[in-house]
Amino acid sequence: MISMSGKPLAAIVSAGLSKFGRREGLYGRELFLEAAGEAFDRCPNLDPRRDIKGVFVGHMGESYEHQGHTGPTISDWLGLTPTQGFRFESACASSSAALRCAVMAIASGLLDIVLVGGVEKMTHRTTPEVTEYLAMASDFPFEQWHGLTFPGLFALMATAHMHKYGTTEEQLAMVAVKNHKNASMNPKAQFQKVITLEDALKSRVIAWPLKLFDCSPITDGASCAILVKPELAKKFTDTPIYIIGSGGATDRLGVYARDDITSLLSAKVASQEAYKMAGVEPKDIDVAEVHDCFTIAEVILYEDLGFCPKGYGGKFIEEGQTHIGGKIPVNTSGGLKAKGHPVGATGVAQVYEIYLQLTGQAGPRQVSGAEIALTHNMGGSGASAFVHIYRRGD
Amino acid sequence: MSQQEALTPPPTVESFYKFVAEGKLMAVKCKKCGKIIAPPRPVCDGCLSRDLEWVQLKGEGELVTFTIIHVPPVQFASMAPYTVAVVKMDEGPKLPGIVKGVTQPDQLKIGMRMKVVFEPAPQQQTWPQWPRYYFEPA
Ligand SMILES: [Zn+2]
């Protein structure tokens, strides 16, 4: 690993996000143009056909729309043929895999301007169909074959965490309440209504101890960001944000096979790499978007990303430390939980929120004076994870 | 790594479930570092050796964690709610499996003793033709 200690690896000069939710009558490629259109509108100095040298797209499943080969598909619909297009698949972390590889492409000097994004169109499928497609990211012969679903896999972590550290169902529900509140201030979020602790606790059981409000929804959406080499940033914007740390890691595919079921190894390893590269510590992070596919994931991530000591995650949300105005606001966008989780789009959708936060455009959910930010995006039950650290440009 | 004599049957998912059909829970043991691995795989996940031998697990262990599935995948719809646990077998490996006869969280306690049970599986026409093993409180 290169030690760069805060040197910009790449600059983000623009970003765009489609409205998240049920987007009836739209095809994934059309949703992607909604996100890309916003990114282009925000960056009038960018001439897509002249400038963009590669299209890096996260997309988990071809089953949803009978459509694979997403790289050239999106490149074509953007009107950028014959620009090279790539599809990245790392389950729910697909577009942060695309982001990390775009950073590598720029840092290597091979490409100087890259469009990175992600897309998933899911809601036209039935819930059992979506459940089956998502489950493909888990271990088929041992997890799916023995009746485990994604809520079930995270429930295994929740039961173990509650037993070992005394984490409570109320504390998990507090994550849902916070993220719904944040989403109510985000016009692009799938859910626009605040919920109460009682709503969350009384919702129906999906996979005990997880209930409906512990789970992220099925969502249509697309996300997009324009990455350029740092020297070019000011050509496109007065307010670039710099990626100063990037980390990637894996964990055992099966949750059952992991040494510690209360911990997400990939988050630990990827964040340590990113922190070291960026030359920052967890206490330096002003705002973070983390992968709250289930409320227990956010609690475990507080710990494994170093925001609080191991086992303290439940208390950390209870104390309000991750609310806007707290020690480290987490998931100001509403997170996967309430903004929505179109799996392939989620990683770069987190980047979009950080782009708004670090350029002071997050409106009522703005974290004042935010300078350093982090995103964490994981695939499946955490068998893959990517962490990025960002700094506001001068 | 030198070429080792091939293990028969091969240390695969397919072989593991063929043994389950015979009512045996089988693991592989690494001849180099001694690690016992289940589900089996062709390379030791402790030391990367490919020099392995089959060993039979006693089928007893300790409950690590569990969940009760209320919203199941389509194929499991008739069984819901049902419990899936992770059990750490006494020989070391951890395995997931459905717990027979448990639908309430207070029926189980983390750390309690569990045992493996086998049930004849209906003939499947399509891939995969794998039977299941199950767990029960011991
Ligand atoms: Zn070994």
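Residues numbered from 1 in each chain as written. Chains lettered and ligands numbered in written order. Predicted model: local features only at pLDDT ≥ 70, side-chain atom pairs only at ≥ 80, totals over all residues. Heavy atoms only, no water.

Enquirer: Sorry if this is basic, but what is going on with empty space enclosed by the protein here?
Expert: Rolled over the atoms, a probe as big as a water molecule pinpoints where empty space is left. All names here are of chain A. All told, the structure shown has 2 cavities of 30 Å³ or more when counted by the stated rule. Around the largest cavity, the lining residues are Y27, G28, R29, H59, E65, Q67, T70, T73, I74, V119, E120 and K121. Contributions of two or more residues to the lining of the largest cavity are made by helix 1 (28-41), helix 3 (70-77) and strand 4 (113-120). Residue classes in the lining of the largest cavity are distributed as 3 nonpolar, 5 polar and 4 charged. (1 Å grid on protein atoms, 1.4 Å probe; cavity = no way out; pocket = protein on both sides within 12 Å on 5 of 7 lines; lining within 4 Å. Points joined across faces, edges and corners; volume = space filled by probe spheres on them. Helix = DSSP H or I, 4+ residues; strand = E, 2+ residues; numbered from the N terminus. Nonpolar A, V, L, I, M, F, W, Y, C, P; charged D, E, K, R; others polar.)

Enquirer: In this structure, what is going on with the sheet that holds strand 2 (residues 36-37) of chain B? I would like to understand it.
Expert: Paired through their backbone hydrogen bonds, the strands of a sheet run either parallel or antiparallel. All names here are of chain B. The antiparallel open sheet is built from 3 strands, whose spatial order is 2-1-3. Two strands lie at the open edges of the sheet, namely strand 2 and strand 3 (52-56), each paired on one side alone. Of the strand pairs in this sheet, strand 1 (residues 26-30) and strand 3 are connected by 5 bridges, and their pairing is antiparallel. Opposite V28, over in strand 3, you have W54 as the bridge partner. (Pairing = 2+ DSSP bridges.)

Enquirer: In this structure, what is going on with the domain arrangement of chain A? I would like to understand it.
Expert: Residues and elements named next belong to chain A. Once the domains are mapped, chain A shows domain 1 (10-125 + 219-241) and domain 2 (138-217 + 244-392). Put simply, the middle of domain 1 and the middle of domain 2, counted by C-alpha atoms, are 23 Å apart. The interface of domain 1 with domain 2 comprises 42 residues on the first partner and 40 residues on the second. Buried surface at the junction of domain 1 and domain 2, summed over both partners, amounts to about 3000 Å²; 65% is from carbon and sulfur atoms. If you sort the residues of domain 1 by the area they bury against domain 2, C92, R100 and I241 come out on top, with a joint share of 24%. For the pair domain 1 and domain 2, the interface holds 2 salt bridges. The partner of R100 in a salt bridge is E273, and the shortest N-O contact between them spans 3.4 Å. (Domains from an automatic or database assignment. Contact = heavy atoms within 4.5 Å. Buried area = accessible area lost by both parts, 1.4 Å probe. Salt bridge = Lys/Arg side-chain N within 4 Å of Asp/Glu carboxyl O.)

Enquirer: Help me out: how do you make sense of the sheet that holds strand 9 (residues 287-289) of chain A in this one?
Expert: Residues and elements named next belong to chain A. As summarised here, the arrangement of the 9 strands in space is 3-2-4-7-1-8-11-10-9, forming an open sheet in which the pairing is mixed. Because the sheet does not close on itself, it has two edges, and the strands there are strand 3 (85-88) and strand 9. If you compare each strand with its neighbour and ignore which way they point, the axes differ by 25° on average. Pairing analysis gives 6 bridges linking strand 1 (residues 10-17) to strand 7 (residues 221-228), with the strands arranged antiparallel. Residue pairing across strands places G16 opposite C224, the latter belonging to strand 7. (Axes fitted to C-alpha atoms, helices over the stretch in contact; angles between N-to-C directions.)

Enquirer: Looking at this model, I keep getting lost on the interface of chain A and chain B. Mind explaining?
Expert: Where interface size is given, it is often the accessible area lost as the parts come together that is meant. With 27 residues of chain A in contact, the opposing surface of chain B contributes 35 residues. When the area that chain A buries against chain B is broken down by residue, the three leading residues are F142, W145 and H146 of chain A, summing to 28%. One can count 1 salt bridge joining chain A with chain B. Between R252 of chain A and D45 of chain B there is a salt bridge whose closest N-O contact spans 3.0 Å.

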